[in-house]
Amino acid sequence: MKTLMTLDGMSGNWEIAFSAGEGAGGTLVQIDADDRPVLAVSRDDGGLKAVIHTVWRGETERFGRDPAFEFALTAPEGGEEVRLCWYGYAFRLYVDGSLQDEEWPLGDLPAGRWTVRAAETVRNLSCAPADAVEPDPEAQFEGPFQNFVLPGHNTGVGDCMPFARDGRYCLYYLFDRRGHASKKGLGAHQWAQVSSADLRTWTVHPMAVGITEQWEGSICTGSLIQKEGRTYAFYAVRTSDGSPAQLTWAVSDDGVHFVKSGRNFALTAPYEPVSARDPMVFCDAGGLYHMLVTTSLADGGPYGGCLAHLTSVNLEDWTQHPPFIVPGYADQPECSDYFEWNGWYYLVFSNFATARYRMSRQPFGPWIRPETDELDALEVQVPKTAPFGNRRFSTGFLARRPRTYAGNAVTHELYQREDGTLGVKQLEEILPHSDPVACPAGWELVAGDGRTARALPAVPHGFRLKARMVPDRPGALMGLCIVVDGREYRIEMNPAARTVAIIRPGESFSYGSGRDLLRGVSFDGGIAFDLIVQGDILDMILSGGRAITMRLDHSADGGAQPSLYALAGTASVSEIEYSEIR
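Residues numbered from 1 in each chain as written. Predicted model: local features only at pLDDT ≥ 70, side-chain atom pairs only at ≥ 80, totals over all residues. Heavy atoms only, no water.

S.K.: I'm lost on the overall build of the protein chain in this one. Help?
M.R.: On a plain count of helices and strands, the protein chain comes out with 0 helices and 46 strands. The C-alpha atoms of the protein chain give a radius of gyration of 26 Å, which matches the 25 Å a tight globule of 582 residues would have. Dimensions along the principal axes, computed over C-alpha positions, put the protein chain at roughly 80 × 60 × 45 Å. Per-residue burial for the protein chain yields a buried fraction of 57% across its 582 residues. Put simply, of all contacts in the protein chain between residues at least 6 apart along the chain, 59% involve residues at least 24 apart. In the structure as shown, the protein chain presents an accessible area of about 23,000 Å², 49% of it carried by carbon and sulfur atoms. (Helix = DSSP H or I, 4+ residues; strand = E, 2+ residues; numbered from the N terminus. Rg over C-alpha atoms; globule rule 2.2 N^0.38 Å. Buried < 20%, exposed > 50% of the residue type's maximum accessible area, 1.4 Å probe, protein only. Contact = heavy atoms within 4.5 Å. Areas by Shrake-Rupley, 256 points an atom, 1.4 Å probe, with all protein chains shown as cover.)

S.K.: Whenever I open this one, the sheet that holds strand β45 (residues 560-567) confuses me. Can you help?
M.R.: Backbone-to-backbone hydrogen bonds pair the strands of a sheet. The strands run either parallel or antiparallel. Pairing within the open sheet is antiparallel, and its 6 strands lie in the order β36-β45-β38-β39-β40-β41. Whereas interior strands pair on both sides, the edge strands pair on one side only; in this sheet they are β36 (451-455) and β41 (517-518). Pairing of β36 with β45, which is carried by 5 bridges, proceeds in the antiparallel orientation. Bridge pairing in β45 links R451 to L567. (Pairing = 2+ DSSP bridges.)

S.K.: Would you mind showing me how to read the packing of aromatic side chains here?
M.R.: Any pair of aromatic rings gets described here by the distance separating the centres and the angle formed by the planes. Throughout the structure, instances matching the rule amount to 27 aromatic pairs. Summarising the aromatic geometry, the rings of Y169 and F393 are spaced 5.2 Å apart at their centres and angled 65° between planes, so their arrangement reads as edge-to-face. Taken as a pair, Y169 in strand β16 (residues 168-176) and F393 in strand β31 (residues 391-399) lie far apart in primary sequence, 224 residues in all. As far as burial versus exposure is concerned, Y169 and F393 are alike and both buried. Ring pairs connect the aromatic residues F282, F324, Y338, Y345, F364 and W367, which therefore count as one cluster. Seen from the ring of Y94, R83 lies directly overhead, with NZ or CZ sitting 4.4 Å from the centre. Sitting over the ring of F339, R392 keeps its end group 4.0 Å from the ring centre. (Phe/Tyr/Trp six-rings, centres within 6.5 Å; stacked < 30°, edge-to-face > 60°. Lys NZ or Arg CZ within 6 Å of the ring centre and 35° of its normal.)

S.K.: Which parts of the structure should I look at to understand the environment of S574?
M.R.: Mapped onto the elements of the fold, S574 is located in strand β46 (residues 570-581). Here S574 falls in the partly exposed class, since its relative accessible area comes to 28%. As for S574 and E444, which are separated by 130 residues in sequence, their C-alpha atoms are 8.6 Å apart. Among residues more than four places away in sequence, those in contact with S574 are A441, G442, A467 and R468.

S.K.: What am I meant to see in unusual backbone geometry here?
M.R.: For residues besides glycine, phi is generally negative; the peptide bonds are generally trans as well. Of note, the amide linkage connecting A269 to P270 takes the cis form, showing an omega dihedral of 10°. Among the secondary structure elements, P270 is positioned in the loop between β22 (258-260) and β23 (277-283). Here G365 and P366 are connected by a cis peptide whose omega angle stands at 10°. Relative to the helices and strands, P366 is located in the loop between β29 (354-360) and β30 (380-388). If you check the backbone angles, N342 has positive phi at about 55° while not being a glycine. One can find N342 in the loop between β27 (334-341) and β28 (344-351).

Next up, the structure:
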């Protein structure tokens with residue numbers, strides 16, 4: 001490598017830019033300080049990679065004195081025009097004019113005199129001060145909204161905060177880059193937003209509430225409320241030094257561009273303040289504002305997870321009260337939701353990422369636990385709800401596999417039964433287009449004391465399948481097998497046990513993950529299902545409003561074929577509707 005320049009370590013915003021031909025590989029640019037590396041940009045068969053080093057100066061309980069950190073940004077497709085920007089609280093990697101990756105540092109770049117070296121293939125290298133952070137553009141999301149995620153090699157949807165605003169269904173969500181691993185495990189999450197007025201055309205808005213300071217380890221989950229035409233976004237900030245989380249808010253005149261209030265407050269005794277998060281704000285019939293905050297009672301032991309309760313008359317000054325609820329699980333109740341619907345009041349919270357709900361005829365309880373209290377599909381994590389006209393939708397995220405934080409947004413429509421309990425169904429407006437495939441309208445699967453099955457035509461991509469299955473006796477088993485990329489997944493329906501289970505390839509006859517098992521399923525009159533398999537996501541709604549949504553280990557993009565089976569009895573199959581997803 002050749003030495004191009006030496007310079008004093010830069011302060012403030014700056015960028016390094018250069019060009020490298022397609023054949024250029026290995027280390028392209030390297031910068032070293034007097035006694036340690038600053039950054040290196042390299043390219044190989046895996047694409048472009050930028051490794052940046054920082055130093056945390058000062059003594060804190062979390063990091064100790066002067067620890068060194070390393071951050072990596074990647075662009076799998078490579079490219080020729082490279083630009084790496086530093087903004088004090090964020091690194092951004094642009095390749096051929098497109099933002100490819102970003103990271104959020106801890107500490108500062110090494111001080112001292114910098115030596116800049118470059119490979120012979122590098123052209124037009126410059127190191128210069130940079131302007132302010134480039135604004136995120138507004139864009140249209142192309143494609144069906146179900147299973148939404150922004151395009152990008154490491155983008156993900158985390159905790160979702162749906163909200164009704166100005167006749168639009170707005171999905172605010174935690175934008176994730178590395179499965180919660182950004183900023184050395186702090187997450188570095190920010191509030192992103194996508195919205196629609198008709199559920200078919202979706203606008204991707206600029207980042208709603210972003211990280212703008214290094215002390216902000218993550219802009220965590222919260223809620224939104226409108227007052228006098230302004231939109232208030234309440235959230236907690238996970239701090240970089242491990243000090244108690246700060247509760248705060250930002251305000252917007254249009255629901256798109258938010259300004260942080262600059263005011264922070266923390267919970268006090270009897271609550272545990274460090275883990276405080278997920279503020280849920282609502283207004284009661286008398287005009288008083290309420291805030292529910294995920295935390296624990298400091299002396300509550302392993303079952304002391306609770307929703308702290310605060311009130312305000314102006315959305316700015318908050319008074320702390322005894323807990324709103326201590327549900328009694330060995331976990332903190334996360335990502336709470338609260339709403340009224342046709343005279344019923346609902347309180348939603350998630351334990352171990354599964355959303356559960358309570359219901360009451362009174363605004364503040366007493367709360368009834370329904371027989372089946374899961375709000376949505378078990379694998380859809382921490383869903384929250386929002387109205388759309390006289391309808392209500394639930395949106396959560398489906399994590400990647402192996403199971404890490406963040407993935408795709410999954411939205412279902414809620415409906416209310418006569419007794420006030422809640423069920424889910426597919427939201428037709430956001431589903432992918434599918435074309436009918438010719439097949440029989442029904443079958444009689446007679447298994448005797450063995451097993452029998454009938455296959456539907458194979459499709460080159462995903463499919464949607466609707467049908468009703470009725471067993472001739474409770475002891476019969478029935479279900480579906482789905483071959484995806486040459487591997488078989490089995491959906492087993494057991495009327496006697498009132499269960500529906502999904503058994504992955506390689507799993508034994510016994511059930512696998514508890515998140516792939518629904519209990520308390522009604523088989524009265526048989527069971528109807530609406531099954532969609534698209535990419536590596538399976539989403540099945542059962543009659544009675546129950547759902548299983550899961551991430552497959554294989555993708556239907558390489559082909560898929562469903563079949564229906566009966567075991568130790570007879571199953572009548574009717575109302576078959578089968579279509580291919582394009």
